[in-house]
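Structural characterization, general
Read off the chains here:
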Amino acid sequence: MEKLEEQIAHLTRTVEELSDVIARQDTELVLLKRRVQMLLEREADRESSGSGGVVLGDERPPHY
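Residues numbered from 1 in each chain as written. Predicted model: local features only at pLDDT ≥ 70, side-chain atom pairs only at ≥ 80, totals over all residues. Heavy atoms only, no water.

1. Side note on the overall build of the protein
- Tallying secondary structure elements over the protein gives 1 helix and 0 strands in all.
- In the protein, buried positions account for 0% of the 64 residues.
- Accessible surface, the protein as shown: approximately 6,400 Å² in total, 57% of it carbon and sulfur. (Helix = DSSP H or I, 4+ residues; strand = E, 2+ residues; numbered from the N terminus. Buried < 20%, exposed > 50% of the residue type's maximum accessible area, 1.4 Å probe, protein only. Areas by Shrake-Rupley, 256 points an atom, 1.4 Å probe, with all protein chains shown as cover.)

2. Some remarks on the pattern of salt bridges
- According to the stated counting rule, one finds 2 salt bridges in the structure shown.
- Glu17 is the salt-bridge partner of Arg13, the closest N and O atoms lying 3.7 Å from each other. You can see Arg13 and its partner Glu17 sitting in helix H1 (residues 2-49), 4 residues apart, about one turn around the helix.
- By relative accessible area, Arg13 is classed as partly exposed at 47%.
- Note on Glu17: relative accessible area 44%, which makes it partly exposed. (Salt bridge = Lys/Arg side-chain N within 4 Å of Asp/Glu carboxyl O.)

3. Some words on H1
- A rise of 1.5 Å per residue sets the reference length of H1, with its 48 residues, at 70 Å; its end C-alpha atoms lie 70 Å apart and thus fit the reference within 8%.
- Positive phi shows up at Gly50, right after H1, with a value of about 80°. (Expected span 1.5 Å × (residues − 1).)

Geometric descriptors of this kind do not, in isolation, establish any biological role.
Below you can see the structure in the form of C-alpha coordinates.
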(Lines give C-alpha, C1' and ligand atoms only; values in the text may rest on other atoms or scores of the structure.)
Protein backbone atom coordinates (compact mmCIF):
# COMPACT_ATOMS: atom_id res chain seq x y z
CA MET A 1 0.00 0.00 0.00
CA GLU A 2 2.84 2.42 0.84
CA LYS A 3 4.45 1.78 -2.55
CA LEU A 4 1.20 2.68 -4.31
CA GLU A 5 0.91 5.89 -2.31
CA GLU A 6 4.47 6.83 -3.28
CA GLN A 7 3.73 6.08 -6.90
CA ILE A 8 0.54 8.17 -6.82
CA ALA A 9 2.44 11.06 -5.20
CA HIS A 10 5.12 10.84 -7.88
CA LEU A 11 2.55 10.74 -10.68
CA THR A 12 0.63 13.66 -9.16
CA ARG A 13 3.81 15.74 -9.02
CA THR A 14 4.63 14.82 -12.62
CA VAL A 15 1.15 15.83 -13.79
CA GLU A 16 1.45 19.18 -11.99
CA GLU A 17 4.87 19.82 -13.54
CA LEU A 18 3.57 18.96 -17.01
CA SER A 19 0.59 21.24 -16.47
CA ASP A 20 2.95 24.10 -15.61
CA VAL A 21 4.99 23.40 -18.74
CA ILE A 22 1.86 23.42 -20.91
CA ALA A 23 0.66 26.67 -19.38
CA ARG A 24 4.04 28.30 -20.02
CA GLN A 25 4.12 27.01 -23.59
CA ASP A 26 0.61 28.36 -24.18
CA THR A 27 1.75 31.81 -23.07
CA GLU A 28 4.78 31.60 -25.34
CA LEU A 29 2.65 30.47 -28.29
CA VAL A 30 0.30 33.41 -27.85
CA LEU A 31 3.27 35.79 -27.83
CA LEU A 32 4.87 34.16 -30.86
CA LYS A 33 1.60 34.23 -32.81
CA ARG A 34 1.27 37.93 -32.04
CA ARG A 35 4.82 38.56 -33.23
CA VAL A 36 4.32 36.60 -36.44
CA GLN A 37 1.12 38.54 -37.11
CA MET A 38 2.98 41.82 -36.59
CA LEU A 39 5.73 40.70 -38.97
CA LEU A 40 3.17 39.69 -41.60
CA GLU A 41 1.45 43.06 -41.29
CA ARG A 42 4.76 44.90 -41.50
CA GLU A 43 5.74 42.97 -44.62
CA ALA A 44 2.34 43.61 -46.20
CA ASP A 45 2.77 47.34 -45.52
CA ARG A 46 6.26 47.25 -46.99
CA GLU A 47 5.03 45.49 -50.13
CA SER A 48 2.12 47.87 -50.58
CA SER A 49 4.36 50.93 -50.23
CA GLY A 50 6.84 49.51 -52.72
CA SER A 51 9.85 50.01 -50.47
CA GLY A 52 10.58 46.34 -49.97
CA GLY A 53 12.14 45.42 -53.25
CA VAL A 54 13.92 42.22 -54.09
CA VAL A 55 17.23 42.59 -55.89
CA LEU A 56 17.30 40.38 -58.95
CA GLY A 57 20.52 38.88 -60.24
CA ASP A 58 21.26 41.44 -62.95
CA GLU A 59 20.03 44.57 -61.15
CA ARG A 60 22.43 46.96 -59.49
CA PRO A 61 21.68 48.06 -55.94
CA PRO A 62 20.54 51.70 -55.69
CA HIS A 63 23.86 52.91 -54.19
CA TYR A 64 25.87 52.20 -57.38
